[in-house]
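Chain by chain, the residues:
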Amino acid sequence: ETGVTQSPTHLIKTRGQQVTLRCSSQSGHNTVSWYQQALGQGPQFIFQYYREEENGRGNFPPRFSGLQFPNYSSELNVNALELDDSALYLCASSLAGWEQYFGPGTRLTVT
Amino acid sequence: DAKTTQPNSMESNEEEPVHLPCNHSTISGTDYIHWYRQLPSQGPEYVIHGLTSNVNNRMASLAIAEDRKSSTLILHRATLRDAAVYYCILSRRSQGNLIFGKGTKLSVKP
């Protein structure tokens, strides 16, 4: 059974640019959630997708958007990057929102 | 959402039991208690969850107070690999999103 994978591992972008992060869910999991983790803090919930529809959103602005595909993989898009967007971005998959299985994360640095 | 309170850090000796406390005095009847841990340079990892009764699995035990206002994660024999940040989280199953606090950083000494 393949776990949750994320790509890329690390990424450096310039303020104002756009970025797309990718997540491949654990086999059979139909729900994916995205989290942002700043250094020294716990992860913060961005949004969740269930069967390709957004199913809950945290306190993040609209420039954070997402997609879930029919194979349940997912993307997180962030437009107009700001310095404060520098963080570890985690995706987690689950079956109907129960126990969540996290990927290793993508470390985004905005300069 | 109900809030949890955990100590910032704890220390343990290898091969000794560890009791990680969590207070959640505003818990509602439908809140499940979840524990996740995050090892250095990794994503969080599910440990255990429960509603009212104590729970055991291969990783740990969860002891829930009778009034559900507190709980304790028990690692029966700490190993060096258990050094991590442990998060106590309240979540309603239907919501799915997890609200993480700062957690407890557990250090394990050989």
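Before reading further, recall that the structure is shown in the block above.
Remember, predicted model here, so these are calculated numbers, not experimental data.

Asker: Let's hear about the pattern of salt bridges: which residues, and what values?
Answerer: Taken as a whole, this structure holds eight salt bridges over all chains when the rule is applied. E45(B) is the partner of R37(B) in a salt bridge, and the nearest nitrogen-oxygen pair spans 2.9 Å. Between R37(B) and D82(B) there is a salt bridge, with the nearest N and O atoms lying 2.8 Å from each other. You can see R37(B) sitting in strand β3 (residues 32–38) and its partner D82(B) sitting in the loop between β7 (70–75) and β8 (84–91), a full 45 residues away along the chain. In terms of burial, R37(B) and D82(B) fall into one category: buried. Where salt bridges share partners, they join R63(A), E82(A) and D85(A) into one cluster.

Asker: Outline the sheet that holds strand β4 (residues 45–50) of chain B, supporting the account with residue identities and numerical values.
Answerer: Residue and element names in this part refer to chain B. An order of β1-β9-β8-β3-β4 is seen for the five strands of this open sheet, with the pairing classed as mixed. Looking along the sheet, the strands with just one partner apiece sit at the ends: β1 (9–13) and β4. Strand after strand, the sheet turns through a mean of 25° between neighbouring axes, direction not considered. Where β1 meets strand β9 (residues 104–109), five bridges bridge the pair, whose relative direction is parallel. Bridge assignment links E11 to a residue of β9, and that residue is S107.

Asker: Could you give an account of the nonpolar core, naming the residues involved and the relevant values?
Answerer: Residue and element names in this part refer to chain B. Among the nonpolar cores identified, the biggest contains 21 residues, and L20, I33, W35, L73, L75, Y86 and L106 are the most heavily contacted of them. If you list the elements that add at least two residues to this core, you get β2 (18–23), β3, β4, β6 (61–64), β7, β8 and β9. Examining the composition of this core, we find that four residues originate from one element, β8, more than from any other. Not counting residues up to four positions away in its chain, the partners in contact with L106 are M10, E11, S12, V18, L20, L75, D82, A83, A84 and Y86.

Asker: Any chance you could break down the sheet that holds strand β3 (residues 19–24) of chain A for me, citing the residues and the numbers?
Answerer: Residue and element names in this part refer to chain A. Spatially, the four strands line up as an open sheet ordered β1-β3-β8-β7, and their pairing is antiparallel. Of all the strands in the sheet, just β1 (5–7) and β7 (64–68) have a single pairing partner and so form its edges. Each strand of the sheet is rotated relative to its neighbour by a mean of 20°, with strand direction disregarded.

Asker: Run through the interface of chain B and chain A, naming residues and quoting values.
Answerer: Contacts between chain B and chain A engage 17 residues on the former and 17 residues on the latter. Both faces combined, the contact of chain B with chain A buries some 1500 Å², and carbon together with sulfur accounts for 57% of it. Linking chain B with chain A are zero salt bridges. Applying the counting rule to chain B against chain A returns four residue pairs in polar contact (both at pLDDT 80 or more). Broken down by secondary-structure element, the contributors of at least two residues to the side of chain B that touches chain A are β3 and β4 of chain B. In terms of residues, the side of chain B that touches chain A owes the most to one element, β3(B), which gives four residues. Along the lines of polarity and charge, the residues of the side of chain B that touches chain A split into seven nonpolar, eight polar and two charged.

Asker: How would you summarise the packing of aromatic side chains if you had to cite specific residues and measurements?
Answerer: Tallied over the full model, the rule gives ten aromatic pairs over all chains. Aromatic pair F47(A) and Y49(A): ring centres 5.5 Å apart, planes at 85°, arrangement edge-to-face. In terms of burial, F47(A) and Y49(A) fall into one category: buried. With 5.0 Å between their ring centres and 90° between their planes, Y87(B) and F100(B) make a pair best called edge-to-face. Here the residue Y87(B) occupies a position in strand β8, and F100(B) occupies one in the loop between β8 and β9, the gap between them amounting to 13 residues. We note that Y87(B), like F100(B), is buried. Members of the aromatic cluster, joined through ring pairs, are Y35(A), F45(A), F102(A), Y36(B), Y46(B), Y87(B) and F100(B).

Thresholds applied
- Residues numbered from 1 in each chain as written.
- Chains lettered and ligands numbered in written order.
- Predicted model: local features only at pLDDT ≥ 70, side-chain atom pairs only at ≥ 80, totals over all residues.
- Heavy atoms only, no water.
- Salt bridge = Lys/Arg side-chain N within 4 Å of Asp/Glu carboxyl O.
- Helix = DSSP H or I, 4+ residues; strand = E, 2+ residues; numbered from the N terminus.
- Buried < 20%, exposed > 50% of the residue type's maximum accessible area, 1.4 Å probe, protein only.
- Pairing = 2+ DSSP bridges.
- Axes fitted to C-alpha atoms, helices over the stretch in contact; angles between N-to-C directions.
- Core = buried A, V, L, I, M, F, W, Y, C linked by side-chain atoms within 4.5 Å.
- Contact = heavy atoms within 4.5 Å.
- Buried area = accessible area lost by both parts, 1.4 Å probe.
- Polar contact = N/O pair within 3.5 Å; in protein donor to acceptor, adjacent residues only side chain to side chain.
- Nonpolar A, V, L, I, M, F, W, Y, C, P; charged D, E, K, R; others polar.
- Phe/Tyr/Trp six-rings, centres within 6.5 Å; stacked < 30°, edge-to-face > 60°.

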